[in-house]
Amino acid sequence: MIPIAKPQLDETEIQAVTDVLRSGIIAEGQRVKDFEQAFAEYTGTEHAVAVNSGTAALHAAILAHGIGKGDEVITSSFSFIATANSILFTGAKPVFADISADTFNIDPHMIEEKITPATKAIMPVHLYGHPAEMDAIKDIAEDRGLILLEDACQAHGATYKGKKVGSFGTGSFSFYPTKNMTTSEGGIITTNDEEVASKARMIRAHGSKQRYLHEMLGFNLRMTDISAAIGIAQLKKLPDYTSRRQHNAKLLTEKLSNIEWIKCPEVKENCTHSFHQYTVRTQDRDELSDYLRIKEIGTGIYYPIPIHRQPYYKELGYNDSLLATEKASREVLSLPVHPGITDEDIDTIANAIESWGGPSC
Ligand SMILES: *Cc1c(COP(=O)(O)O)cnc(C)c1O
């Protein structure tokens, strides 16, 4: 079976974890600080605050900007549920703008009409590792006095006009095992705003800067040194992982480009795509997915139900009609391009798709 995702772990991570265990300091310690510094440097931000999941990063980032009850945050419904849930956790309301059909990211033209007096922030998701249209989004945020947040949980290392995502506004990353790099579970907030960083650190540790002095309501969102040790090792390998993903994606696009019933992912000008997922569009994608499973090729559907159509969101009263989002949910299929995939695997995947013959309708 060629899996859709596979964490790349070797003796480096095993040794790093073993060293932490032998040290006896296994919760948050020096390695978390070192990891934060390395990740901030990598992303090109002044601060990074490590937490125990991507969801925790989003939650703490939104809270650190003072967003809460009565506020609205404009984001994408074509994402993992955590994007919108993290807004709900704070008491604020997620407001969904439709996506661009070609990048699957929030369409800047759709943002303006969603702005109300309650809007506090815009939170694009760099879905699959392709940067959102940051110039246009940044302009809207600046014109309307809105906070810019980025859900960069799938986009470690992706760049827009030479700048890494997560450095335009306050960024959140995930280090779940299927992501471009892992710490097992884990996440991080990136920001150039010292106050936001300081508040996020407090929210991470029960609202305290100084032990047993609690200035605000916080949580336990701390990352462990065990996770940070894995993260330090993984971050060093991230540039190599990213180029391997990009190589696999390029090769797959070359091989699939002559199949007219498959639409390959685009990489927009001024962007680098970190290919967390290589996502094609096709009719009858469920049948293609079943067919590929028989051929021992793993695929993924991210995401089959948009957030605004989820039972819980319906219960909350969401009733949007987001045509591009809903169409994408019916057509997307992700194919394996992770760093464990070889050129030979790419041939196998492309040949299997070709042999399916195309959708029946
Ligand atoms: C993975 C992911 C998250 C949440 O990260 P966790 O580490 O799983 O909590 C949030 N948003 C997006 C877009 C993701 O892909």
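Calculation rules
- Residues numbered from 1 in each chain as written.
- Predicted model: local features only at pLDDT ≥ 70, side-chain atom pairs only at ≥ 80, totals over all residues.
- Heavy atoms only, no water.
- UniProt positions renumbered as here; feature names shortened; annotations may be inferred.
- Pairing = 2+ DSSP bridges.
- Helix = DSSP H or I, 4+ residues; strand = E, 2+ residues; numbered from the N terminus.
- Axes fitted to C-alpha atoms, helices over the stretch in contact; angles between N-to-C directions.
- Contact = heavy atoms within 4.5 Å.
- Buried < 20%, exposed > 50% of the residue type's maximum accessible area, 1.4 Å probe, protein only.
- Near = heavy atom within 4 Å.
- Polar contact = N/O pair within 3.5 Å; in protein donor to acceptor, adjacent residues only side chain to side chain.
- Areas by Shrake-Rupley, 256 points an atom, 1.4 Å probe, with all protein chains shown as cover.
- Domains from an automatic or database assignment.
- Buried area = accessible area lost by both parts, 1.4 Å probe.
- Salt bridge = Lys/Arg side-chain N within 4 Å of Asp/Glu carboxyl O.
- 1 Å grid on protein atoms, 1.4 Å probe; cavity = no way out; pocket = protein on both sides within 12 Å on 5 of 7 lines; lining within 4 Å.
- Points joined across faces, edges and corners; volume = space filled by probe spheres on them.
- Nonpolar A, V, L, I, M, F, W, Y, C, P; charged D, E, K, R; others polar.

Going by what an unreviewed UniProt entry lists, the chain is known as dTDP-4-amino-4,6-dideoxygalactose transaminase and is assigned to Methanolobus profundi. The record in UniProt for the chain states the following under Sequence similarities (unreviewed entry): "Belongs to the DegT/DnrJ/EryC1 family."

**Student:** Give a description of the sheet that holds strand 3 (residues 93–97) that names residues and reports values.
**Tutor:** The 7 strands lie next to each other as 1-9-8-5-4-2-3, forming an open sheet whose pairing is mixed. Either end of the sheet is taken by a strand with one partner, and the two such strands are strand 1 (47–51) and strand 3. On average, adjacent strands in this sheet sit at an angle of 25° to one another, irrespective of strand direction. Pairing geometry for strand 1 and strand 9 (residues 187–191), over 5 bridges, is antiparallel. Opposite A50, over in strand 9, you have I188 as the bridge partner. Taken strand by strand, helix 2 (residues 30–43) contacts strand 1, strand 8 (170–174) and strand 9, and its axis lies near 130° from that of strand 1. Along the sheet, helix 4 (residues 82–89) contacts strand 2 (72–76), strand 3, strand 4 (119–123) and strand 5 (147–151); its crossing angle with strand 3, the most-contacted strand, is approximately 145°.

**Student:** Mind laying out the sheet that holds strand 6 (residues 159–160), listing which residues take part and the relevant values?
**Tutor:** Overall, antiparallel pairing links the 3 strands, which are arranged 7-6-10 in an open sheet. Each end of this open sheet is capped by a strand with a single partner; those strands are strand 7 (163–164) and strand 10 (271–272). Where strand 6 and strand 7 come together, 2 bridges link them in antiparallel fashion. Bridged to Y160 within strand 7 is K163.

**Student:** Describe the pairing of strand 1, and please don't skip the residues or the numbers.
**Tutor:** Among the 5 residues of strand 1, 5 are classified as buried, and the element is accordingly described as predominantly covered. Neither face of strand 1 is left uncovered, since the one carrying H47, V49 and V51 and the one carrying A48 and A50 both have all their residues buried.

**Student:** Tell me what's going on with the site of the ligand, and back it up with residues and numbers.
**Tutor:** Inspection of the region around the ligand gives 16 residues, with G54, T55, Q154, S174 and K179 positioned closest. Taking D151, its side chain carries an N or O atom lying 2.9 Å from a nitrogen atom of the ligand. One of the side-chain N or O atoms of K179 is found 2.9 Å from an oxygen atom in the ligand. Calculation on the ligand without its partners gives an accessible area of 380 Å², and the protein chains cover 93% of this total. At the level of elements, helix 3 (54–64) and helix 4 are the ones that each hand at least two residues to the shell around the ligand. The biggest single contributor to the shell around the ligand is helix 3, with 3 residues.

**Student:** I'd like a description of the domain arrangement of the chain, backed by residues and values.
**Tutor:** A common way to report how large an interface is uses the accessible area buried once the components associate. Looking at the chain, the domain boundaries give domain 1 (11–97 + 105–232) and domain 2 (238–356). In this complex, domain 1 contributes 33 residues to the contact, which on the side of domain 2 involves 33 residues. Of the roughly 2,700 Å² buried between domain 1 and domain 2 on both sides combined, carbon and sulfur atoms contribute 60%. Of all residues in domain 1, F78, Y128 and N180 give up the largest surface area on contact with domain 2, accounting jointly for 28% of the area buried on that side. Our enumeration of links across domain 1 and domain 2 arrives at 1 salt bridge. Here D320 and K114 are joined by a salt bridge, their closest N and O atoms 4.0 Å apart.

**Student:** Let's hear about the pattern of salt bridges: which residues, and what values?
**Tutor:** Using the criterion set out here, one finds 21 salt bridges in the structure. E254 is the salt-bridge partner of K250, the closest N and O atoms lying 3.8 Å from each other. With K250 and E254 both in helix 8 (residues 225–256) and 4 residues apart, this pair spans about one turn of that helix. K250 sits in the exposed class, given a relative accessible area of 58%. E254 gets classed as partly exposed once you look at its relative accessible area, which sits at 47%. Notably, a salt bridge pairs K255 with D347, separated by 3.0 Å at the nearest N-O pair. Taken together, the residues K255 in helix 8 and D347 in helix 12 (residues 343–356) connect sequence positions 92 residues apart. Look at D347 and you get partly exposed, because its relative accessible area is 31%. When salt bridges that share partners are traced, they join E28, E36, R201 and R204 into one network.

**Student:** Go over empty space enclosed by the protein, please, and point to the residues and values.
**Tutor:** Tallying each qualifying case throughout the model produces 3 cavities of 30 Å³ or more. Of the volumes computed, that of the largest cavity is approximately 90 Å³. Taken together, 15 residues form the lining of the largest cavity, with K6, P7, Q8, K179 and R245 sitting closest to its centre. Taken together, the residues of the lining of the largest cavity sort by class into 6 nonpolar, 6 polar and 3 charged. Shared between two domains, the lining of the largest cavity takes at least three residues from each, and those domains are domain 1 (11–97 + 105–232) and domain 2 (238–356). In this structure, the second largest cavity occupies an estimated 70 Å³ of space. As for the second largest cavity, its lining consists of D102, T103, F104, L127, Y128, H130, P265, E266, H273, Q277 and T279. Considering only residue class, the lining of the second largest cavity consists of 4 nonpolar, 5 polar and 2 charged. Residues lining the lining of the second largest cavity come from more than one domain, with at least three contributed by each of domain 1 (11–97 + 105–232) and domain 2 (238–356).

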